Amino acid sequence: MDKVFIKDLTVLATIGAYEWEKEIKQKLLIDLEMAWDNKPAAQSDDLSLALDYASVSQAVSDLVTGQAHELVETVAEKVANLVIQQFSVPWIKVTINKPGAVPFASNVGVQIQREQKDYLS
Ligand SMILES: Nc1nc2c(c(=O)[nH]1)N=C([C@H](O)[C@@H](O)CO)CN2
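Residues numbered from 1 in each chain as written. Predicted model: local features only at pLDDT ≥ 70, side-chain atom pairs only at ≥ 80, totals over all residues.

Per an unreviewed UniProt entry, the protein chain carries the name 7,8-dihydroneopterin aldolase and comes from Agarivorans aestuarii. Listed in UniProt under the heading Pathway (unreviewed entry), the comment for the protein chain reads: "Cofactor biosynthesis; tetrahydrofolate biosynthesis; 2-amino-4-hydroxy-6-hydroxymethyl-7,8-dihydropteridine diphosphate from 7,8-dihydroneopterin triphosphate: step 3/4." As recorded by UniProt, the Function (unreviewed entry) comment attached to the protein chain reads in full: "Catalyzes the conversion of 7,8-dihydroneopterin to 6-hydroxymethyl-7,8-dihydropterin." (UniProt positions renumbered as here; feature names shortened; annotations may be inferred.)

S.K.: When you look at unusual backbone geometry in this model, what are you seeing that I'm missing?
M.R.: Glycine aside, residues mostly have negative phi angles, and peptide bonds mostly take the trans form. If you check the backbone angles, Asp8 has positive phi at about 55 degrees while not being a glycine. Tracing the chain through its elements places Asp8 in strand E1 (residues 3-13). A positive phi angle, near 55 degrees, is found at Ser88, a position not held by glycine. By the secondary structure assignment, Ser88 is in the loop between helix H3 (72-87) and strand E3 (91-97). (Helix = DSSP H or I, 4+ residues; strand = E, 2+ residues; numbered from the N terminus.)

Below you can see the structure in the form of structure tokens.
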């Protein structure tokens, strides 16, 4: 399976379950792995046939910064839904990293995998 990926997409978000977190911005680093057939784009050298990682990055960044969320789980789910629906991606792995959330851990977060309803059936 071919993939397109985005690593460490950095967004400053209102994210957190506690009241004090609703008053500040915190850094989230977002990793995406997306199934995509890269052959048509490679054979034609045509961006319109590629999964445009710049467009995906912009859409995800807009989504995550546009609204406050309590849980990184919610952010992961919304990001997966957006990319599957808006970019017709059949399968996605989303990792939401919230470094700095736990003082003695270098990183914490969640990872999910989602697919289009009819993918692989
Ligand atoms: N599984 C999760 N655990 C926790 C989350 C979360 O989003 N998912 N969030 C918090 C707090 O917001 C934390 O980041 C503040 O330090 C705690 N646990």
